[in-house]
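Each chain is listed here by its residues.
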Amino acid sequence: MDSNDTIERQDGFLPTQATWPTIVDYLGLFMLVHYRGSPVGAYDEILFSPGKCAFPEGDFSSITKIYVSTMTSVVNGQNNWGIPKEQALFVTDRKHHTEITHVTGMDGTPIAEMKFSLNEQFPWYLFQNLYFTSVVLPGFLRKQLMIIQHWQGKSYQFSFQNAAHISVGQLDQFSAREGAFPDVNKRRIRLVLKLSDFRFSFTRALIKPL
């Protein structure tokens with residue numbers, strides 16, 4: 001999805017510190033993930049990245065808003081990668097090729113609600129359940145997987161690898177409470193993907209003082 005500077009400054013949860021760079025590419029990312037297992041156990045996650053930013057190390061992505069379902073994931077993400085995780089409650093209802101997820105604060109206050117489904121219209125049904133792994137990407141493309149986080153006076157730089165079966169989907173409905181999560185409806189959605197058999201790992205972060 002893409003947007004513009006005005007939208008992201010008002011609704012993208014960009015850090016306010018002077019060290020935060022400008023956005024140079026507004027092709028952002030919104031993800032809902034259900035991890036069946038991880039080093040910190042199973043958990044759910046919803047995250048937003050506004051696009052690539054002009055860090056001194058280069059133009060890289062950063063996660064500006066993220067909720068997860070367990071406190072263990074919150075602590076692990078903050079301490080190891082500087083990811084600004086917050087805890088929330090997730091309730092998901094799956095029916096056939098449709099999934100509805102409600103995310104609320106620990107006090108029960110609504111955060112976001114979304115409905116996804118597979119896009120079975122031509123030609124998208126031809127691109128369902130295709131296997132992809134980032135391992136096969138050439139070096140200059142793997143560099144695009146780099147992430148930089150600024151968290152509590154430190155810079156965390158790391159990359160990731162992933163593999164999954166990919167299907168083309170669609171976002172049928174989305175709503176978010178203002179001040180809790182970015183409103184996806186304000187942005188142009190370029191592509192919706194469903195990933196199954198998802199394998200994902202971060203590298204160890206390079207941590208430097210800001």
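Higher on the page you've got the structure.
Note that the structure is predicted; figures quoted are calculated from it, not measured.

Student: What should I look at first to understand the overall build of the chain in this one?
Tutor: Scanning the chain from terminus to terminus reveals three helices and 16 strands. At 17 Å, the chain has a C-alpha radius of gyration in line with the 17 Å of a compact globule built from 210 residues. The C-alpha extent of the chain, read off along each of the three principal axes, is 50 × 45 × 35 Å. Contacts spanning at least 24 positions in sequence make up 61% of the contacts within the chain whose residues lie at least 6 apart. Carbon and sulfur atoms make up 53% of the accessible area of the chain, which totals about 11700 Å².

Student: Can you walk me through the nonpolar core in this structure?
Tutor: A general tendency of soluble globular proteins is for nonpolar side chains to be buried together. One finds Ile66, Ile83 and Phe158 to be the most contacted residues of the largest nonpolar core, which totals 20 residues. If you list the elements that add at least two residues to this core, you get strand S2 (29–35), strand S3 (43–49), strand S6 (65–68), helix H2 (71–81), strand S12 (147–151), strand S13 (154–158) and strand S14 (160–176). Within the second largest apolar cluster, 18 residues are counted, among which are Leu32, Phe90, Met114 and Val184.

Student: Can you walk me through the packing of aromatic side chains in this structure?
Tutor: Geometry of an aromatic ring pair is reported as the spacing of the ring centres plus the angle between the planes. The final tally for this structure, using the stated rule, is 12 aromatic pairs. Between Tyr35 and Tyr43, the aromatic rings sit 4.7 Å apart at their centres with planes inclined by 35 degrees, giving tilted as the arrangement. With a centroid separation of 6.3 Å and an interplanar angle of 40 degrees, the aromatic rings of Tyr67 and Phe181 are classed as tilted. In this pair, Tyr67 is assigned in strand S6 and Phe181 in the loop between S14 and strand S15 (193–202), connecting sequence segments 114 residues apart. Note on accessibility: Tyr67 and Phe181 belong to one class, buried.

Student: Explanation requested: the side chain of Glu45 in the structure shown.
Tutor: Examined against the element boundaries, Glu45 turns out to sit in strand S3. Classification of Glu45 by relative accessible area gives buried; the value is 5%. Engagement of the side chain of Glu45 in a polar contact is seen with the side chain of Tyr35, the distance being 3.4 Å. Apart from the residues lying within four places of it in its own chain, the contact partners of Glu45 are Met31, Leu32, Val33, Tyr35, Ile66, Tyr67, Val68, Lys85 and Phe90.

Student: So what exactly am I meant to see when it comes to the sheet that holds strand S7 (residues 85–87) here?
Tutor: Each strand in a sheet pairs with another by means of backbone hydrogen bonds, the pair being arranged parallel or else antiparallel. The strand order across the open sheet formed by four strands is S2-S3-S6-S7, and the pairing between neighbours is mixed. Both outer strands of the open sheet, S2 and S7, are each paired with one neighbouring strand and no more. On average, each strand axis in the sheet is tilted by 20 degrees relative to the strand beside it, whichever way the strands run. Here seven bridges tie S2 to S3, and the two strands are oriented antiparallel to one another. Pairing of Leu32 across the sheet is with Ile46, part of S3. Packed on one face of the sheet, H2 meets S3, S6 and S7 and runs near 165 degrees to S7.

Student: Hey, could you run me through a nonpolar patch on the surface in this one?
Tutor: A cluster of nonpolar residues, Phe122, Trp124, Tyr125, Leu126, Phe127, Leu130, Leu191, Leu193 and Leu195, forms a patch on the protein surface that exposes about 910 Å² of accessible area. Along the chain, Leu193 falls in strand S15.

Student: What is the right way to look at H2 in this model?
Tutor: Listed in full, the buried residues belonging to H2 are Ser73, Val74, Gly77, Gln78 and Trp81. The buried residues of H2 occupy an angular sector of 120 degrees when projected down its axis, which confines them to one face. Positive backbone phi, approximately 65 degrees, marks Gly82, located one or two places after H2.

Student: Help me understand the pairing of S6 in this model?
Tutor: Regular strands show a simple pattern: their side chains alternate between the two faces of the sheet. Of the two faces of S6, the one carrying Lys65 and Tyr67 and the one carrying Ile66 and Val68 are both buried. Across four bridges, S3 lies against S6 in antiparallel orientation. Within S6, the position partnered with Leu47 by the bridge is Ile66. Across three bridges, the pairing between S6 and S7 is parallel. Opposite Tyr67, over in S7, you have Glu86 as the bridge partner. In terms of handedness, the path from S6 via H2 over to S7 forms a crossover that is right-handed.

Rules of the game
Residues numbered from 1 in each chain as written. Predicted model: local features only at pLDDT ≥ 70, side-chain atom pairs only at ≥ 80, totals over all residues. Heavy atoms only, no water. Helix = DSSP H or I, 4+ residues; strand = E, 2+ residues; numbered from the N terminus. Rg over C-alpha atoms; globule rule 2.2 N^0.38 Å. Contact = heavy atoms within 4.5 Å. Areas by Shrake-Rupley, 256 points an atom, 1.4 Å probe, with all protein chains shown as cover. Core = buried A, V, L, I, M, F, W, Y, C linked by side-chain atoms within 4.5 Å. Buried < 20%, exposed > 50% of the residue type's maximum accessible area, 1.4 Å probe, protein only. Phe/Tyr/Trp six-rings, centres within 6.5 Å; stacked < 30°, edge-to-face > 60°. Polar contact = N/O pair within 3.5 Å; in protein donor to acceptor, adjacent residues only side chain to side chain. Pairing = 2+ DSSP bridges. Axes fitted to C-alpha atoms, helices over the stretch in contact; angles between N-to-C directions. Patch = residues over 30% accessible without salt bridge, like charges linked within 9 Å, V, L, I, M, F, W, Y side chains within 5 Å. Salt bridge = Lys/Arg side-chain N within 4 Å of Asp/Glu carboxyl O. Arc of directions from axis to C-beta. Right-handed = clockwise from strand over helix to strand, strands pointing away.

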